[in-house]
Amino acid sequence: MHKLLVLVLFLGQFYCAESRYIRKFQEKKITHYTFATKLVDFQPIFRLQVRLPGQKKKKVLNFILDTGSNVSILNASTFPGKYPKKILKVKSFLKERKEEYSLVRLNLFQENKLLLARALFYTTKFHSRLNFDGIIGNNILSRFKIFLELPERVTFIRKNSKLDFISTQFDGSIIEYNRSHIILPAYLGSKPLFFIFDTGAGISFLNPENIRGLESYKIGEKSFYDLSGEFNQASAYDLPNFCLVKENLCEKRMEFVAGKSIRNFLGKYPVDGLLGINLINRYYILIDYDKKVMYFNRKDNQIP
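Residues numbered from 1 in each chain as written. Predicted model: local features only at pLDDT ≥ 70, side-chain atom pairs only at ≥ 80, totals over all residues. Heavy atoms only, no water.

Enquirer: Whenever I open this one, the pattern of salt bridges confuses me. Can you help?
Expert: If the charged atoms of two oppositely charged side chains come close together, the side chains can form a pair. Within this structure, the stated rule accounts for 9 salt bridges. In this structure, lysine 218 engages glutamate 221 in a salt bridge whose closest nitrogen and oxygen atoms are separated by 3.2 Å. According to the relative accessible area criterion, glutamate 221 is partly exposed, its value standing at 46%. Residues arginine 298 and glutamate 251 are paired through a salt bridge, measuring 3.3 Å at the closest nitrogen-oxygen approach. Here the residue arginine 298 occupies a position in strand β22 (residues 293-298), and glutamate 251 occupies one in strand β19 (residues 250-258), the gap between them amounting to 47 residues. The network of salt bridges with shared partners includes Glu251, Arg282 and Arg298. (Salt bridge = Lys/Arg side-chain N within 4 Å of Asp/Glu carboxyl O. Buried < 20%, exposed > 50% of the residue type's maximum accessible area, 1.4 Å probe, protein only. Helix = DSSP H or I, 4+ residues; strand = E, 2+ residues; numbered from the N terminus.)

Enquirer: Just to check I follow, could you spell out the environment of leucine 274 for this structure?
Expert: The residue leucine 274 is located in strand β20 (residues 273-275) in this model. Leucine 274 sits 78 residues away from isoleucine 196 along the chain, and the two C-alpha atoms are 4.4 Å apart.

Enquirer: Hey, could you run me through the nonpolar core in this one?
Expert: Generally speaking, a soluble globular protein has its nonpolar side chains buried in company with each other. Grouped together as the largest cluster of nonpolar side chains are 55 residues, with contacts concentrated most on Leu108, Phe121, Leu148, Phe156, Phe242 and Leu244. Excluding anything up to four places from it in sequence, leucine 108 contacts Leu48, Gln49, Val50, Lys113, Leu114, Leu115, Leu116, Ala119, Phe121 and Ile140. Tyr21, Ile30, Ile166 and Leu286 belong to the second largest nonpolar core, which has 14 residues in total. (Core = buried A, V, L, I, M, F, W, Y, C linked by side-chain atoms within 4.5 Å. Contact = heavy atoms within 4.5 Å.)

Enquirer: How should I be thinking about the packing of aromatic side chains in this particular structure?
Expert: When we look at a pair of aromatic rings, we describe it by the centre distance and by the angle of the planes. Tallied over the entire structure, the rule returns 18 aromatic pairs. Ring centres of tyrosine 21 and tyrosine 284 lie 4.7 Å apart, and the angle between their planes is 55°; this geometry places the pair in the tilted category. Here the residue tyrosine 21 occupies a position in helix α1 (residues 20-27), and tyrosine 284 occupies one in strand β21 (residues 283-288), the gap between them amounting to 263 residues. The class of tyrosine 284 is buried, set by a relative accessible area of 12%. On the numbers, 5.9 Å between centres and 85° between planes, the contact of tyrosine 283 with phenylalanine 296 is edge-to-face. Linking tyrosine 283 in strand β21 with phenylalanine 296 in strand β22, this pair joins segments that are 13 residues apart in sequence. Neither residue differs from the other here; tyrosine 283 and phenylalanine 296 are each classed as buried. Taken together, the ring pairs in this structure connect Tyr21, Phe25, Phe147, Phe165, Phe170 and Tyr284 into an aromatic cluster. (Phe/Tyr/Trp six-rings, centres within 6.5 Å; stacked < 30°, edge-to-face > 60°.)

Enquirer: How should I be thinking about unusual backbone geometry in this particular structure?
Expert: Among all residues save glycine, negative phi is the norm, and among peptide bonds the norm is trans. Each neighbour pair has its own omega, and for leucine 150 with proline 151 the value is 15°, a cis peptide bond. At lysine 29, a residue that is not glycine, the phi angle is positive and equals roughly 55°. With respect to the helices and strands, the residue lysine 29 is situated in the loop between α1 and β1 (32-36). Using a relative accessible area of 77% as the deciding quantity, one classes lysine 29 as exposed. Despite not being glycine, lysine 292 has its phi angle at roughly 55°, a positive value. Examined against the element boundaries, lysine 292 turns out to sit in the loop between β21 and β22. Here lysine 292 falls in the partly exposed class, since its relative accessible area comes to 37%.

Enquirer: Please clarify how the sheet that holds strand β12 (residues 171-174) should be interpreted in this entry.
Expert: In any sheet, the strands associate via hydrogen bonds between backbone groups, in a parallel or an antiparallel arrangement. Spatially, the 6 strands line up as an open sheet ordered β1-β11-β10-β21-β22-β12, and their pairing is antiparallel. Sheet topology places β1 and β12 at the edges, where each strand pairs with a single neighbour. Each strand of the sheet is rotated relative to its neighbour by a mean of 20°, with strand direction disregarded. Pairing geometry for strand β10 (residues 145-149) and β21, over 3 bridges, is antiparallel. Paired with isoleucine 146 across the two strands is isoleucine 287, which belongs to β21. (Pairing = 2+ DSSP bridges. Axes fitted to C-alpha atoms, helices over the stretch in contact; angles between N-to-C directions.)

Enquirer: What should I look at first to understand the state of the cysteines in this one?
Expert: In protein structure, a disulfide is the covalent linkage between the sulfur atoms of two cysteines. With the rule as written, the count across this model stands at 1 disulfide. Each sulfur in the disulfide pair cysteine 243 and cysteine 250 lies 1.9 Å from the other. The S-S bond linking cysteine 243 to cysteine 250 shows a torsion near 105°; that makes this disulfide right-handed. By relative accessible area, which is 14% here, cysteine 243 ends up buried. (Disulfide = S-S within 2.5 Å.)

Enquirer: Even after reading the chapter, I still don't get the side chain of lysine 145, so can you show me in this structure?
Expert: Note on placement: lysine 145 falls in strand β10. Of the polar contacts made by the side chain of lysine 145, one reaches the backbone oxygen of serine 161; its length is 2.7 Å. Among all residues touching lysine 145, those that are not within four sequence positions of it are Thr155, Phe156, Ile157, Arg158, Lys159, Ser161, Leu163, Leu286, Ile287 and Asp288. (Polar contact = N/O pair within 3.5 Å; in protein donor to acceptor, adjacent residues only side chain to side chain.)

In structure tokens form, the structure reads like this:
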């Protein structure tokens, strides 16, 4: 729980046009649930029907799709009531604090089709600046294979589905799944680095120690709100030669912000930064949590 989060102002209409990948899922009779997403200030927002177990009435809520969060979070005002409470140490990229959370389980639906029963959420009071209802993190996402076509859509796919047409035609990268965070290897020039893969971050982040010698690429300052509603600023850099392991997955220029180091964010597993939506929306991406593999395909590539 974290992070580089920009103020959400307006959600507008959600519309999910069919893509060639969705048609492929349908053709192969793959059980999938596709949701339209809308990038609002660089965070992917999508809508879910939810309800408390045992109740009939559903609510439609707006969630951030957030692979950078190990848990799912809900604004306490959406389902007020008395629930079991737990004190958690909340470690963000900027600070660490203890907070009291209530635990609530919800059934999740897509157009009245059950997506997941009794999904666990931590509820807390959101800052008034945060105009969304919750965050869907890896405790829920990892129950599926996740196919990203951001900023337009996200597809939840049942784990037993065979997706050979993707795994054989996309470029695969072995990942680590550490403390329910996705760790993706990459290169900045010839230097190997490890990043948290974070759809909930509006821009990518690099530890300041990795900027040394690259100060001339600074392009200014970036401002953002974190989840607590606090305003923050960080220096921004437009860096050359960033690659996702393979040579054909390289960016000539890649924008990062650099602030307080998050190297020890995951304890004994050091990380060099996080990859946010400014990189993610350049690719079609499949996340296979169980196999610990991610598959990438540039958006200008085609599948048969």
